[in-house]
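Listed here are the chains, written in short residue letters.
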Amino acid sequence: MAIGEDLAGAVGRVTAPRRARAARATRHLPLAPALIMLFLFFLGPVLWSVYSSFTNAALTGDGAQNPQWVGLENFRRLFSDPNVTNGIWLTVVFVLGSAVIGQNLLGLGIALLMRGRNRWLRGTVGAIVVSAWVLPEVVSAFIWYAFLGQDGTLNQVTKALGIGSQDWLYSSPMLAVIIANTWRGTAFSMLVYNAALDDVPTDVQEAAELDGATGWRRLWSVVLPLIRPSIVTNLMLITLQTLSVFTLIYVMTAGGPGFASSTLPVLMYQQAFKFSEVGYGTAISLLLLAIGAVFSFVYVRVLKPEA
Amino acid sequence: MATMGIDTPRRRAAGMVCTGILVLIAVAFLAPLIWLVLSCFDSAAQTSVKLPDHPSIDNFRAVMNTDMLWRPLWNGLLLCGGSALITVVIATLAAYPLSRYQTRFRKPFLYTVLFATGLPITAIMVPVYGLFLRLQLIDSMPATAVFLATTSLPFAIWLIKGFIDNVPISLEEASWVDGASPMAALRYIVVPLIAPGMSVVLIFTFIQAWGNFFVPFILLQSPEKLPASVTVFTFFGQYGAVAYGQLAAYSVLYSMPVVVLYLIVSRAMGGAFRFAGAAKG
């Protein structure tokens, strides 16, 4: 008995930690498929892009077979290329115009106007705004291509009003894609702000009203500070989404006329696939990735999840 | 709203102004859609808005053939359904240990996942093309589906971990005492409880993939493998004179599945799409 107990104890002492360690390792095994996929298709391409941005990799020809190490050449070219400087500028204009100003303010405005309106009006306006959001991106692009074209709806209206017509996609391509993206994305901000405003306690507002605060004053000093976290989160999310918009712009203007609407994603595509300079296109994509990483980093810091 | 209780003429006037502005906004949002609705029934449609002279369903009939519509829709179903299924299964497996076990690398990993949800996927498409070229995966539908699944993994892991966090661990502890493995606990206790959330993630991933144009546009080449999102673009770009009526009809048919899915999800979640609500700080 005593020997048996000792033996059992000894075996237990030896195997328990080992078994525990093994169990601890195996219970994290379900993470493996996700890790493999993320490493292969996410981290891998990013690392590869860092490498190939130092080469002259191309889609066809000699550069495709034997990419040569060119050092910082791509980056030197990047920062002296007027198309890239222009692309950065257009991306900033696009994000500020369509996300920060367009979607954000319009979404907040609609959500505020909806408060206290009857159910029917809320439901109808909400459904119309959301329908623009639900349609696939390519379809939105077609719709706006038709709307803003030479014979499009907008020109029919302006002609009827006697203002004259113009090909909006040609004369002001950036304005065209900004309006289209505002139309497409406003629903998201509207839904975020609807949910946020629902959580604003009415008694706080009533107290402010009894204190004699006017509508604007109530909005500015009571409502907006209360929904500040939602505003910050929403701004970060729509900025990140808008930064990578490719399809809408590519289908509507293809970055043209010339490079007049070539934001960084479109420029990256043009360099890599149209002009077959993969190394240079990759350098542009790294630039875009770096900008996105900065915003994403701020976003994580702002959100501070209690992981 | 309680503040509506006091009804003064001033307030009523303000309410009417608000209603007026809302109606104007709704009209502005509706205006671009009018073209789509009118043109799909007009076989002579151009980019201008006009009532069809001879309303007909000829446009629909013209695009409803295997090469133009049915095969691309089927490809889209395979590609997006496949990637949505992979996403949900892999994300649930990954989310479970992240929700249940405390380890040193858990927090940094979760932060990395959240960070990855914010990165512009568009930006990695050039290197991904290079990777697919090297691995000879260009024009492979399964590989494209797996890549699409990977892009939606971080978001799905994040959401599903949230669902699992809400399942009380005491239920599983009881099953562990009975000798069930953690995987059995996940399969028979946790998954049935979070099934509604999982199906929303599934549908949401599907909707996202269905609308994705850039990924299949870059990674697939053969016309017979392309999903509808790319086919509609080539159809639009290849003809000298665009058949706008057919384009409109095609757009309607291609949009239909996601509109229906959206209605199902939003109905199931009580009117509003709570994903936007999930973004509340």
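Up top you'll find the structure we're talking about.
Since the structure is predicted, the reported quantities are computational estimates derived from the model, not experimental observations. (Residues numbered from 1 in each chain as written. Chains lettered and ligands numbered in written order. Predicted model: local features only at pLDDT ≥ 70, side-chain atom pairs only at ≥ 80, totals over all residues. Heavy atoms only, no water.)

Here we come to the overall build of chain A. The helix and strand tally for chain A stands at 16 helices and zero strands. By the burial criterion, 50% of the 307 residues in chain A qualify as buried. Taking the contacts inside chain A whose residues are at least 6 apart along the sequence as the reference set, 67% of them involve residues at least 24 apart. Carbon and sulfur atoms provide 65% of the accessible area of chain A, an area that totals close to 14,400 Å². (Helix = DSSP H or I, 4+ residues; strand = E, 2+ residues; numbered from the N terminus. Buried < 20%, exposed > 50% of the residue type's maximum accessible area, 1.4 Å probe, protein only. Contact = heavy atoms within 4.5 Å. Areas by Shrake-Rupley, 256 points an atom, 1.4 Å probe, with all protein chains shown as cover.)

Turning our attention to a nonpolar patch on the surface. Residues and elements named next belong to chain A. On the surface, a nonpolar cluster with roughly 300 Å² of combined accessible area is contributed by F39, L43 and L47. When you line up the elements, L47 lands in helix α2 (residues 32-52). A relative accessible area of 54% places L47 in the exposed class. (Patch = residues over 30% accessible without salt bridge, like charges linked within 9 Å, V, L, I, M, F, W, Y side chains within 5 Å. Salt bridge = Lys/Arg side-chain N within 4 Å of Asp/Glu carboxyl O.)

A word on the interface of chain A and chain B. Residue-level contacts link 89 residues of chain A with 89 residues of chain B. Summed over both partners, the interface of chain A with chain B comes to about 8,200 Å²; 81% of that surface belongs to carbon and sulfur atoms. Between the two partners, chain A and chain B, sit zero salt bridges. For the pair chain A and chain B, the number of links is four residue pairs in polar contact (both at pLDDT 80 or more). Classifying every residue of the side of chain A that touches chain B by side-chain character gives 63 nonpolar, 17 polar and nine charged. (Buried area = accessible area lost by both parts, 1.4 Å probe. Polar contact = N/O pair within 3.5 Å; in protein donor to acceptor, adjacent residues only side chain to side chain. Nonpolar A, V, L, I, M, F, W, Y, C, P; charged D, E, K, R; others polar.)

All right, on to the pattern of salt bridges then. On inspection of all chains with the given rule, the structure shows seven salt bridges over all chains. One salt bridge connects R76 of chain A with E73 of chain A, and the closest N-O pair in it is separated by 3.4 Å. Within this pair, R76 of chain A and its partner E73 of chain A are both found in helix α4 (residues 73-80), separated by three residues, close to a single helical turn. We classify E73 of chain A as partly exposed; its relative accessible area is 36%. With its nearest N and O atoms 3.6 Å apart, the salt bridge here joins D58 of chain B to R61 of chain B. Placement of both D58 of chain B and R61 of chain B in helix α2 (residues 58-63) is noted, with a separation of three residues, approximately one turn of the helix. Of the residues examined, D58 of chain B reaches a relative accessible area of 37% and is grouped as partly exposed.

One finds I110 and M252 of chain A together with F147 and L219 of chain B to be the most contacted residues of the largest nonpolar core, which totals 124 residues. When sequence neighbours within four positions are dropped, the list of residues in contact with M252 of chain A reads A141, W144, Y145, L148, L169, A176, V177 and A180 of chain A. (Core = buried A, V, L, I, M, F, W, Y, C linked by side-chain atoms within 4.5 Å.)

Right, let's talk about the packing of helix α15 (residues 264-274) of chain A against helix α16 (residues 278-303) of chain A for a bit. Residue and element names in this part refer to chain A. It is the contact of α15 with α16, at a shortest axis distance of 7 Å, that shows an interaxial angle of 165 degrees. When the axes of α15 and α16 are compared, the pair comes out roughly antiparallel. Judged by the sense of rotation from one axis to the other, the crossing of α15 with α16 is left-handed. Note on element contacts: α16 touches α15 through V278, Y280, G281, I284, S285, L287, L288 and I291, opposite L264, P265, L267, M268, Q271 and A272. Of the residues that constitute the contact of α15 with α16, the class distribution is 11 nonpolar, three polar and no charged. (Axes fitted to C-alpha atoms, helices over the stretch in contact; angles between N-to-C directions. Parallel < 35°, antiparallel > 145°, perpendicular 65-115°, else oblique. Left-handed = near helix turned anticlockwise from the far one by under 90°.)

For the rest of this paragraph, the subject is empty space enclosed by the protein. Residue and element names in this part refer to chain B. The final tally for this structure, using the stated rule, is one cavity of 30 Å³ or more. By volume, the largest cavity amounts to about 30 Å³. For the largest cavity, the full set of lining residues is G76, C80, A209, W210, P227, A228, S229 and Y254. Contributing elements (two or more residues each) for the lining of the largest cavity: α3 (66-100), α8 (182-211) and α10 (228-238). When grouped by side-chain class, the residues that make up the lining of the largest cavity number six nonpolar, two polar and no charged. (1 Å grid on protein atoms, 1.4 Å probe; cavity = no way out; pocket = protein on both sides within 12 Å on 5 of 7 lines; lining within 4 Å. Points joined across faces, edges and corners; volume = space filled by probe spheres on them.)

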